[in-house]
Amino acid sequence: QVQLVESGGGLVQAGGSLRLSCAASGRIFRINNMGWYRLAPGKERELVASITAAGSTNYADSVKGRSTISRDNKKNTVDMQMNSLKPEDTAVYYCNAEVQGAPYKALEPKWGQGTQVTVSS
């Protein structure tokens with residue numbers, strides 16, 4: 001069983017910063033892509049940022065230049081530093097990882113429980 005545990009959400013004023021962290025644990029052979037998604041009320045789930053095992057990154061246009069995703073392959077963690085936060089960044093943020101539990105198993109998407117980020121104006 002693989003678990004993803006997020007931390008770092010909270011309430012912040014517009015213009016402030018937050019750092020989201022996610023740690024994967026359990027039966028893990030390797031992790032492919034890792035990323036952060038968000039879900040805001042009345043909106044569809046959005047990919048915020050992703051990072052490959054080799055370190056290549058991808059960002060949504062809405063956060064490009066304001067967010068930085070990073071990972072530690074030895075610790076199976078992924079972080080996202082979010083700066084210059086805006087009220088429209090308010091959402092529940094979910095960590096995602098493509099996990100291979102054993103050499104003979106296929107990659108499976110795993111999700112964290114979500115962490116609330118609220119940006120006040």
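Check the entry above for the structure.
Keep in mind that what you see is a predicted model, and the values were worked out from it rather than measured. (Residues numbered from 1 in each chain as written. Predicted model: local features only at pLDDT ≥ 70, side-chain atom pairs only at ≥ 80, totals over all residues. Heavy atoms only, no water.)

**Some words on the state of the cysteines**
1) Next: For the structure on display, the rule yields one disulfide.
2) Next: Across the disulfide from Cys 22 sits Cys 95; the S-S distance is 2.1 Å. In this structure, the disulfide formed by Cys 22 and Cys 95 twists by about -80 degrees around the S-S bond and is classed as left-handed. A residue pair is termed long-range when its members are at least 10 positions apart, and Cys 22 in strand E3 (residues 18-26) and Cys 95 in strand E9 (residues 91-100) qualify at 73 residues.
3) Next: With relative accessibility at 2%, the residue Cys 22 sits in the buried group. (Disulfide = S-S within 2.5 Å. Helix = DSSP H or I, 4+ residues; strand = E, 2+ residues; numbered from the N terminus. Buried < 20%, exposed > 50% of the residue type's maximum accessible area, 1.4 Å probe, protein only.)

**Examining the nonpolar core**
1) Next: Among the nonpolar cores identified, the biggest contains 29 residues, and Leu 4, Leu 20, Trp 36, Ile 69, Val 78, Met 80 and Tyr 93 are the most heavily contacted of them.
2) Next: Elements represented by at least two residues in this core include exactly strand E1 (2-7), E3, strand E4 (30-39), strand E5 (46-51), strand E8 (77-82), E9 and strand E11 (115-120).
3) Next: At five residues, E9 tops the list of elements feeding residues into this core. (Core = buried A, V, L, I, M, F, W, Y, C linked by side-chain atoms within 4.5 Å.)

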